[in-house]
Each structure stands twice: as C-alpha cells, then as structure tokens.
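So you can see what is in the structure, the chains are spelled out below.
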Number of protein chains: 2
Amino acid sequence: MSARRRGPRAAGGDTREAILETARDQFSTLGYRATTLRGVGSAAGVDPRLVLHYFGSKRELFSAAVRLPVDPAALIGEVFANDATEVAVGVARALIGILEDPRTRQRALAVIRAAATEPEAAAIIREMLTQEALVPLTAAIVRDQPQLRASLIGSSFVGLAMARYVVAVEPLASTPPEQVVRAFAPVIAHYLDDDWTETPG
Amino acid sequence: MSARRRGPRAAGGDTREAILETARDQFSTLGYRATTLRGVGSAAGVDPRLVLHYFGSKRELFSAAVRLPVDPAALIGEVFANDATEVAVGVARALIGILEDPRTRQRALAVIRAAATEPEAAAIIREMLTQEALVPLTAAIVRDQPQLRASLIGSSFVGLAMARYVVAVEPLASTPPEQVVRAFAPVIAHYLDDDWTETPG
C-alpha cells in the first residue's frame, strides 16, 4: 500500500484506486473469505461506506481489484486481426506477455490462487473469466465447438501460470519467454484449428 | 475421518493409515502452515510422538498424505511400452484417469491447492513432482530437451485439473472424459515429439 490518510478522503479517482490497491493486498494475503469491506476501508483510511458506495459488494470489489489492466476483448480483437498463420503465435505471445509483465502477473496469479482455494472465489472467477475472456475468445474462433476450444486454451494458460510462475518447476521456470512462446503456440494452434473428431488410438 | 480411539493406538499399518487420513483432512481444510504433527495426532487419537515416529517431520507427513495411490514411474513405464503412435493417447488417458477417479483426484487437487497458496508447500511439491513424476517422464522422452518437455506436460495437466475440476469452466467441466482425451492427446504428442526449434511467425 502507498499513501494512507486518516478519515474519509475526498471522493475521486485517487480514492477509488487507493481502495483497490488495499483490496488487492488483502485479498492476496488474507484470502477472499477473510477480506471485508470494513477491513479494506479501514486499512485504506477511508470510511467503509465509501467502499460500499464505490463497489456495491465484496464480490464487485474483488472483480475490480483483480481485473487486468488490459481489456481482453480488445487484445483478442487485435491478435485475431493478424494473418491466420500468426494468430496462434499472437495468442501465445499475448498470454505469456500477461504473465511476464509484473503488474499483470500479480493479478493473474491472485485470481488463480483464489480460484484454487476458495469455492466462493472460484465461482466469481468462473463467471468473470467466462464473460470477459472466454466469450470474446469464443466469438473469434471459427471452428466447431468454439466454447470448448476457448476453455481448453484457458486451461493451458492456467497450467503455464501454475507450473512456470507459482510452483516454478525447472527448467520451465527459467526458460526464456520466447522459447516458451515457441513451445506453446502449437498448443494454441491445435485448440483453435484442429479437428476434434478423430478417434484416439 | 473414520474410526477414532482415545490414547495411543497399537502400532501398525492401521495406525499409519489413520494418521494419513487425518492429515489429508487437515492439510486440505487448514492448509499446510496451520497443520501440525500435534494437531494431527490429537485428531487421529494417537500420541503425537507416534506421528513423529512414523513420519519424521511435517514435510514428510505432507508428502505421504498427498502421494497418489499409483506409482508414477510404473504408470509411465506401462504407457511408454505402447506403440509409439499410442503413447500420447496413453499419457493423456492416464492423466485424465487420475483426475476422473475420485480417490486420486482428491489428492491431486489437494496438491495443486497447496501449491497455489503456500510457498512452503509449493517448494515441497516442486521437489516431489520432480522426483516422482518428472524424472521418470523425462527418462522416457527420446527427443531433445526432455526435462523441458516433461515440465510442459506437467503444466498442461495442472491446467486441465484447475479449469475442469477446480474452477469448473464450462463446457470443459461437463465434456465426457473420452472427448477431453481426444482434445488433449495431440498436446501431449506435441510436447513429446515436435521440433522445438522452429521460429515463430
């Protein structure tokens, strides 16, 4: 947490951002269940009613706190505007880029951690991911079963985040990002484009 | 937990199994840090010194509690004995089988949950996974960079576990296991066999 003051702050973007910063802190250290609007307000040095005024509920505060500073729909639009052969590499590079940038990595890992441990948070995250990332990704996929394809791409992203950045399994954790993109892009290409219907051996 | 008794139990396989069952319970509800040898002993109705006698340390108790009731090295040996074209499907089917069987799923998810939230548990899991699963898998891979390939296969397994069984993203969560095997096997085939060195577009 940065600057704190005593008593309610003047309303405005700074206050909102200070509340979010405190909320990120508390959600990641205390977990979803133990974090309260009152506790966040108190730690941020603002009237808890102001937290309620800005965010309406703990659920919405959580969603706002862990939201990535990029718009998934815009990012997806950009990547899919590329030449078809470059789409998979673009998706792989965008996903690994989210995990390589410390600002976005912190939030992505906070979401994954919360989802792993708290069923209540998992439900919120399921809905948030579905609306913000999987729906636009599904819309961009031209093959059959686009929703299943999008959720498999989501699963491969979560797996990479866990193995490389949370558990830090070697040598994956110390492999240069561009080499991970090379290894990962064909997986994205498979989930985007390959035929589902072949029978396993 | 099943049967409990007061006071120290007679030593033997039943006691050991009762301690492990209680430990699984406590590690998954209290988390790694809050679980103690004393607390496990007390809840299992045995002298805490007996817990120490059997397992030596909390670290070893955790490893024993979450160990899968299958031997990864034996499973890997079996799968790789198949015809080469069937190895990827065999690996995919074995991994999804671990997550479909309630007994093994509970332990796999307990490991993933602990790894996601507690750095101390993550370090233990990293070592355990490396020794028990990644080393034999690495030994079975015939291409270059077998360790990196094995850790990428591990990452895809963790991602599937998180997305399908923990967050339960739809439609992945309700897709029949055999269809997930069909979608997943080519990813395993890619990590096992494809050339790493191609340059991304």
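Our subject is the structure that appears above.
The structure presented is a predicted model; accordingly, all values stated were derived computationally and were not measured.

Calculation notes
Residues numbered from 1 in each chain as written. Chains lettered and ligands numbered in written order. Predicted model: local features only at pLDDT ≥ 70, side-chain atom pairs only at ≥ 80, totals over all residues. Heavy atoms only, no water. Helix = DSSP H or I, 4+ residues; strand = E, 2+ residues; numbered from the N terminus. Buried < 20%, exposed > 50% of the residue type's maximum accessible area, 1.4 Å probe, protein only. Contact = heavy atoms within 4.5 Å. Areas by Shrake-Rupley, 256 points an atom, 1.4 Å probe, with all protein chains shown as cover. Lys, Arg positive; Asp, Glu negative; His and termini not counted. Charge placed at Lys NZ, Arg CZ, Asp CG, Glu CD. Axes fitted to C-alpha atoms, helices over the stretch in contact; angles between N-to-C directions. Parallel < 35°, antiparallel > 145°, perpendicular 65-115°, else oblique. Left-handed = near helix turned anticlockwise from the far one by under 90°. Nonpolar A, V, L, I, M, F, W, Y, C, P; charged D, E, K, R; others polar. Buried area = accessible area lost by both parts, 1.4 Å probe. Salt bridge = Lys/Arg side-chain N within 4 Å of Asp/Glu carboxyl O. Polar contact = N/O pair within 3.5 Å; in protein donor to acceptor, adjacent residues only side chain to side chain. Phe/Tyr/Trp six-rings, centres within 6.5 Å; stacked < 30°, edge-to-face > 60°. Lys NZ or Arg CZ within 6 Å of the ring centre and 35° of its normal. 1 Å grid on protein atoms, 1.4 Å probe; cavity = no way out; pocket = protein on both sides within 12 Å on 5 of 7 lines; lining within 4 Å. Points joined across faces, edges and corners; volume = space filled by probe spheres on them. Least-squares fit on C-alpha atoms with pLDDT ≥ 70 in both.

**Overview of the overall build of chain A**
Here comes step 1: Across its full length, chain A holds 10 helices and zero strands.
Here comes step 2: The N-to-C order of helical and strand elements in chain A reads α-α-α-α-α-α-α-α-α-α.
Here comes step 3: When the backbone C-alpha atoms are referred to their principal axes, chain A occupies close to 65 × 35 × 30 Å.
Here comes step 4: Relative to its 201 residues, chain A shows a buried fraction of 50%.
Here comes step 5: Expressed as a percentage of contacts within chain A between residues at least 6 apart in sequence, the contacts between residues at least 24 apart total 67%.
Here comes step 6: Of the accessible surface of chain A, which amounts to about 9,200 Å², a share of 54% is contributed by carbon and sulfur atoms.
Here comes step 7: For chain A, the distance from the average site of its 22 positive side-chain charges to the average site of its 23 negative ones is 11 Å.

**As for the packing of helix 4 (residues 58-66) of chain A against helix 8 (residues 119-140) of chain A**
Residues and elements named next belong to chain A.
Here comes step 1: At a minimum axis distance of 11 Å, the contact between helix 4 and helix 8 shows a crossing angle of 55°. Classed by the angle they form, the pair helix 4 and helix 8 counts as oblique. Judged by the sense of rotation from one axis to the other, the crossing of helix 4 with helix 8 is right-handed. Contact residues: R59, F62, S63 and V66 in helix 4; I124, I125, E127 and M128 in helix 8.
Here comes step 2: Class assignment of the residues belonging to the contact of helix 4 with helix 8 gives a composition of five nonpolar, one polar and two charged.

**Looking at the interface of chain B and chain A**
Here comes step 1: Each side of the interface is counted separately: chain B has 45 residues, and chain A has 45 residues.
Here comes step 2: Between chain B and chain A, a total of about 3,800 Å² is buried, with carbon and sulfur atoms accounting for 72% of that surface.
Here comes step 3: Joining chain B to chain A, the criterion identifies zero salt bridges.
Here comes step 4: Applying the counting criterion to the chain B and chain A interface returns eight residue pairs in polar contact (both at pLDDT 80 or more).
Here comes step 5: With 11 residues, the top contributor of residues to the side of chain B that touches chain A is helix 9 (residues 146-166) of chain B.
Here comes step 6: Residue composition of the side of chain B that touches chain A, by class: 25 nonpolar, 12 polar and eight charged.

**Overview of the packing of aromatic side chains**
Here comes step 1: Taken as a whole and judged by the stated rule, the model has eight aromatic pairs over all chains.
Here comes step 2: Residues F27(B) and F62(B) carry aromatic rings whose centres are separated by 5.0 Å and whose planes lie at 75° to one another, so their mutual orientation is edge-to-face. Taken together, the residues span a long stretch of sequence, with F27(B) in helix 1 (residues 13-30) and F62(B) in helix 4 (residues 58-66) at a distance of 35 residues. Across the pair, F62(B) and F27(B) agree in class, each one buried.
Here comes step 3: By way of ring pairs, the aromatic residues F27(A), Y32(A) and F62(A) are connected into one cluster.
Here comes step 4: Lying across the ring of Y32(A), K58(A) places its NZ or CZ 4.6 Å from the centre.

**Overview of the layout of surface pockets**
Here comes step 1: Of the volumes computed, that of the largest pocket is approximately 980 Å³.
Here comes step 2: Around the largest pocket sit 37 residues that line it, and R113(A), T117(A), E118(A), T117(B) and E118(B) are the ones nearest its centre.
Here comes step 3: The element best represented in the lining of the largest pocket is helix 7 (residues 102-117) of chain A, accounting for seven residues.

**So, the relation of the copies chain B and chain A**
Here comes step 1: Placing chain B over chain A gives an RMSD of 0.0 Å and needs a rotation angle of 180°, together with 0.0 Å of translation along the axis. The two molecules are tied by a two-fold rotation axis, judged by turn and shift. When C-alpha distances to the rotation axis are compared across chain B, the minimum falls at G159(B), with a value of 1.7 Å.
Here comes step 2: The fraction of interface residues of chain B whose copies in chain A are also interface residues reaches 100%, indicating that both copies meet through the same surface.

**Observations regarding the packing of helix 5 (residues 72-80) of chain A against helix 8 of chain A**
Each pair of packed helices can be summarised by the angle the axes make with each other and by the distance between the axes.
Residues and elements named next belong to chain A.
Here comes step 1: Interaxial distance between helix 5 and helix 8 falls to 9 Å at its minimum, and their mutual angle equals 25°. The pairing of helix 5 with helix 8 is recorded here as roughly parallel in orientation. For the crossing formed where helix 5 meets helix 8, the hand is right-handed. Mapping the contact onto sequence places P72, A73, I76 and F80 in helix 5 and E132, A133, P136, L137 and A140 in helix 8.

**Here we look at the environment of V79(B)**
Residues and elements named next belong to chain B.
Here comes step 1: Inspection of the secondary structure assignment puts V79 in helix 5 (residues 72-80).
Here comes step 2: The buried category is assigned to V79, whose relative accessible area is 9%.
Here comes step 3: Considering only alpha carbons, one finds V79 and E100, 21 residues apart in sequence, at a separation of 18 Å.
Here comes step 4: Apart from the residues lying within four places of it in its own chain, the contact partners of V79 are V87, G90, V91 and A94.

**A few points about unusual backbone geometry**
Residue and element names in this part refer to chain A.
Here comes step 1: Residue E170 is joined to P171 through a cis peptide bond whose omega torsion reads 5°.
Here comes step 2: Positionally, P171 belongs in the loop between helix 9 (146-166) and helix 10 (177-193).
Here comes step 3: With a phi angle near 60°, A168 is a residue other than glycine that sits in the positive phi range.
Here comes step 4: Looking at the secondary structure, you find A168 in the loop between helix 9 and helix 10.

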